[in-house]
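Observations on the model geometry
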Amino acid sequence: MVHIGKLTSADLVKYQLMQEPFELMPKLDKAVEPDFRPMITSSINDSSYYQIVCNAQAWLMGYISRISLKQMYFNTITKAVVYIVKRMVENTNIKKRDKELFDFIKFDNLNMLLGGARKKGAPFGARRLIQNIYLELKELLGDQYQFNHQYAKCLLWGIEELEEPRRSNELQESLQSAILATQIVDDLMTKNEKNPYLAISFAHIQFTLSMIYVKRFFFNQSQKTFSEAVEQLEKALRLKENQNAYELNDDITNDDNDYSVSKFIDYLVSPESQNYSTTLKKQISWIVNFRYQYTLRNK
């Protein structure tokens, strides 16, 4: 059923399946459900009006998400992902290879695939698993800006919950990876200035750098870390590709342990941030006004 994606009423009779599918459906949630569309468009192979459809992808993603919590599958999942990436790299169709490879190693996609381990307190969660996957892929993909950018983002995930010195070490590693990604894109843009995808990637990396500098300020507050965070955030927001970044108004996580760009901009309007140079105050004013205009546009 998972393989073919559906089970028609003719199949139910053929395989003598009576009560079993209907007992399983509630347990599988939306992965398996009744489908009455054949009532409108019946086929010559099965004119029956009733079938059960199975969203195999949803089921498999849910299954992988659950087992990623278990230490016994840790190395198996890591090796499987690395194996898939190696096969992708061998694809001679460069255009297709690069797109599929980037989609596969994208942090958001790996996070979604292994998302069951996002639960707080999980002993072997997705954060550790995905970081391990990136470390295993570093030798193979370390010269690609997409990989370095995604690895930098991965290291930021849940970093507030880490203890020192691990927190500072991983933040520094994230910074180095994002800087390397910037340098690679810079080189590529010099050779191919008209490529819009490189400009988009460059802008997104700059925003990730902003997130890194903002977190570094909250972890170690000083005039130096504050100035660096303001300067990088202004630089990122002046790029048109970042002007609709949803992180500007992140009201999902608003607790004391939230060191987001949104919280940093909130901090910019507080009394603590007023005793700075004229140049810095102009940068602060521009950032605060930018988010105000963003909020008005997205009401």
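Report on the accompanying structure. Please read all numbers here as calculations on a predicted model, not as lab measurements.

Moving on, we get to the nonpolar core. Ranked by internal contacts, the top residues of the largest apolar core, which has 35 residues, are Phe226, Val230, Leu248 and Phe264. Secondary-structure elements contributing two or more residues to this core are helix H8 (145-156), helix H9 (166-191), helix H10 (196-219), helix H11 (223-237), helix H12 (261-268) and helix H13 (278-297). Ranked by residue count, the leading element in this core is H10, at eight residues. Listed in part, the 22 residues of the second largest apolar core include Ile77, Val82, Val85 and Phe107.

Right, let's get into H8. For H8, spanning twelve residues, the distance from its first C-alpha to its last is 17 Å, which sits close to the expected 16 Å at 1.5 Å a residue. Judged by how many residues are buried, H8 sits mostly within the fold: eleven of twelve residues are covered. Looking at H8, one finds that the buried residues are Tyr145, Gln146, Phe147, Asn148, His149, Gln150, Tyr151, Ala152, Cys154, Leu155 and Leu156. Gly158 sits one or two residues past H8 and shows a positive phi near 70 degrees.

Tallied over the full model, the rule gives 14 aromatic pairs. Here the aromatic rings of Phe217 and Phe218 are separated by 5.3 Å at their centres, their planes lie at 55 degrees, and the arrangement is tilted. You'll find Phe217 and Phe218 in the same group, each marked buried. Residues Phe218 and Phe264 carry aromatic rings whose centres are separated by 6.2 Å and whose planes lie at 90 degrees to one another, so their mutual orientation is edge-to-face. Here Phe218, found in helix H10, pairs with Phe264, found in helix H12; they are 46 residues apart in sequence, far enough to count as distant. Grouping residues by exposure puts Phe218 and Phe264 together as buried.

Right, let's talk about the packing of H12 against H13 for a bit. As a packed pair, H12 and H13 sit with axes 10 Å apart at the nearest point and diverge in direction by 120 degrees. Considering the angle they form, H12 stands oblique to H13. Helix-helix and strand crossings are classified by hand; for H12 and H13 the assignment is left-handed. Residues Ser262, Ile265, Asp266 and Leu268 of H12 lie in contact with H13, whose contacting residues are Ile284, Ile287, Val288 and Arg291. Tallied by class, residues from the contact of H12 with H13 come to five nonpolar, one polar and two charged.

All right, on to the side chain of Thr225 then. Its location among the elements puts Thr225 in helix H11. Among the polar contacts made by the side chain of Thr225, one reaches the main-chain carbonyl oxygen of Asn220 at a distance of 2.8 Å. Look past the residues within four positions of Thr225 in its chain and what remains in contact with it is Tyr213, Arg216, Phe217 and Asn220.

What counts, and at which threshold
Residues numbered from 1 in each chain as written. Predicted model: local features only at pLDDT ≥ 70, side-chain atom pairs only at ≥ 80, totals over all residues. Heavy atoms only, no water. Core = buried A, V, L, I, M, F, W, Y, C linked by side-chain atoms within 4.5 Å. Buried < 20%, exposed > 50% of the residue type's maximum accessible area, 1.4 Å probe, protein only. Helix = DSSP H or I, 4+ residues; strand = E, 2+ residues; numbered from the N terminus. Expected span 1.5 Å × (residues − 1). Phe/Tyr/Trp six-rings, centres within 6.5 Å; stacked < 30°, edge-to-face > 60°. Axes fitted to C-alpha atoms, helices over the stretch in contact; angles between N-to-C directions. Parallel < 35°, antiparallel > 145°, perpendicular 65-115°, else oblique. Left-handed = near helix turned anticlockwise from the far one by under 90°. Contact = heavy atoms within 4.5 Å. Nonpolar A, V, L, I, M, F, W, Y, C, P; charged D, E, K, R; others polar. Polar contact = N/O pair within 3.5 Å; in protein donor to acceptor, adjacent residues only side chain to side chain.

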